[in-house]
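Breakdown of the fold
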Amino acid sequence: MRRTIQSVLLTLQDVVILGWRALRGWHGGRGGGARLLAQLDVIGVQSLPIVLLTGLFTGMVLALQASVQLAPFGATLFVGRFVAASMLRELGPVLSGIMVAGRVGAGIAAELGAMRVTEQVDAIETLGADPVRLLVVPRVVAAAIAVPLLALLADVAGLLGATVISAAWLGVPARTFWQAAADQVRADGILWGVLPADLVQGLVKPFVFGILLTLLACHHGLSATGGTAGVGVATTRAVVSASIVILVADYFLTQLLLGLV
Amino acid sequence: MTAPAIDLRDVSLAFDRPVLRDVSLAVVTGETVAVLGESGTGKSTLLRLVLGLLAPDAGDVRVQDRSVPAMTPSEKRELRRGIGMVFQQAALFDSLTVFENVAFALREHRALDERDLTHRVQEALALVDLDAARVASLLPAQLSGGMRKRVGVARAIANRPAILLYDEPTAGLDPLTTETVVELIARLARELHVTSLVVSHDVRAMLRTADRIALLHEGRFAFIGAPDAMRGSDEPYTRTFLAAA
């Protein structure tokens, strides 16, 4: 137990140091724009199908579950409120984060791990370049941009899925569903007269998740040792730790954001 | 008197066990020194100390009269721009073509236009007897072991370093390719006037190539001297090592 806590604290320390080094080299240097675009494609565009599918089916399930809860009270017309609140504040950000952690986090840890064990990371250093600037910064910045957008699209897919189920199974017209969803968003608060509080939560959370999951994946990849077996271990650790950290961070972010917005 | 290009002074380093114990070695400018020894004796660790990738527990590592452990991270990066490193398995960037691999340091550190950059890459590839027109667009996975090694050397020399470090340059190569790589090390030292530190277990090749040999045994140098002096040495471990080779 003591060793586990020690190991977790050391990992945390390494990730904070890596984050600090990434922050200092955030501009990416020469060729940074091209590297960022490449990572936006890998992390953002290529994750789109899996995130949309996750959002769609989550919305559909939410609509079904909502109908079970609301039908005894004759309140199925409010299914839009239930789905909107759940998707925008929690399920969109968390599920997008976990899906990206699984797909992208594993890929980053495997790629950087392979580079580490084949001495390519050492080669970058010996050529006088900074591996954090070249390998970590573009991935972290791309995730910070892409994961909130993916979460937003997952929200939309979820609401569309729920609309279809509501109309087909519960007899709630699409217009009524979206009206209820809009009422819920308004009820949760509008900041500065334009910005829905739900959307703030739905964007801030995946922004933080994106940074955390890529930092963890980069850390585990760059720390890989022991050949191909070490790459496998790094990949597993990256996905497991990122998934857990997303859930833990979600709790603290929710508490923080509920107090702020 | 000019300072040595590489100067290890009473260097000690331990991981879970002592690796180097009070090791001293000075490599003068333009000299080729081969560090020989059994596997796991800390030969490659010496190269990492010179590059500042590791810091000694005690002693000092000086490159061109500057203490490497005392340098800041950016000073170390600056230092490495003047040092070329050839890795045991070449360590080519497998997502980049041969051209991009060789051009890597030039793109990072020099504001060359594309024409000058192409010229410098072709020049580096020609120095290792590779035809740029034939190999430039290939990926590392499409190269043979010997070609990978030569591209690794081309990448190391593209930025015109003053010091070249080789980590097991002939490991895993057939005898003919080994001969080519050994000749290449000697030719680069001659033509580019670089200081070379070669870590190897290939005794015969190094006896022919190096100006001096340093034999590492149990964390200390059992022998440092010219190849002829090594052949005639009475030092017990040196004799055993040469007999086994």
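Throughout what follows, the structure given in this document is the object of discussion.

So, how was this worked out
- Residues numbered from 1 in each chain as written.
- Chains lettered and ligands numbered in written order.
- Predicted model: local features only at pLDDT ≥ 70, side-chain atom pairs only at ≥ 80, totals over all residues.
- Heavy atoms only, no water.
- Helix = DSSP H or I, 4+ residues; strand = E, 2+ residues; numbered from the N terminus.
- Rg over C-alpha atoms; globule rule 2.2 N^0.38 Å.
- Buried < 20%, exposed > 50% of the residue type's maximum accessible area, 1.4 Å probe, protein only.
- Contact = heavy atoms within 4.5 Å.
- Areas by Shrake-Rupley, 256 points an atom, 1.4 Å probe, with all protein chains shown as cover.
- Lys, Arg positive; Asp, Glu negative; His and termini not counted.
- Charge placed at Lys NZ, Arg CZ, Asp CG, Glu CD.
- Core = buried A, V, L, I, M, F, W, Y, C linked by side-chain atoms within 4.5 Å.
- Arc of directions from axis to C-beta.
- Polar contact = N/O pair within 3.5 Å; in protein donor to acceptor, adjacent residues only side chain to side chain.

Moving on, we get to the overall build of chain B. Of regular secondary structure, chain B possesses ten helices and ten strands. Taking 245 residues into account, the globule formula puts the C-alpha radius of gyration at 18 Å, and chain B, at 18 Å, falls close to it. Based on the C-alpha atoms only, the size of chain B along its principal axes is roughly 55 × 40 × 40 Å. Burial statistics for chain B: of 245 residues in total, 55% are counted as buried. Pairs at least 24 apart in sequence give 65% of the contacts found in chain B among residues at least 6 apart. When the accessible surface of chain B is totalled, it reaches about 10,900 Å², and 49% of it is carbon and sulfur. For chain B, the centre of its 29 positive side-chain charges and the centre of its 32 negative side-chain charges are spaced 2 Å apart.

All right, on to the nonpolar core then. By size, the foremost hydrophobic cluster in this structure holds 78 residues, and its most contacted members are V136 of chain A together with L20, L25, V35, L165 and L197 of chain B. Of all the elements, helix α6 (residues 131-170) of chain A adds the most residues to this core, at twelve residues. For L165 of chain B, the contacting residues outside a window of four places in its chain are I6, L47, V50, L51, I83, G84, M85, V86 and L197 of chain B. In terms of nonpolar packing, the next biggest core, distinct from the first, is built from 50 residues, L125, A136, I185 and L207 of chain B among them.

Residues and elements named next belong to chain B. For helix α10 (residues 236-244), every residue scored as buried is listed here: Y237, T238, F241 and L242. Angular distribution of buried residues about the axis of α10 spans 130°; they occupy a single face of the element. Looking at α10, the residues exposed on the side facing more than 90 degrees away from the buried face are P236, T240, A243 and A244. If you follow the buried residues of α10, they end up packed against β3 (32-37), α8 (203-209), β9 (212-217), β10 (220-225) and α9 (227-231). Of the residues that open α10, the one with a side-chain oxygen 3.2 Å from the backbone nitrogen of Y237 is E235.

Distances and angles like these do not, on their own, reveal function.
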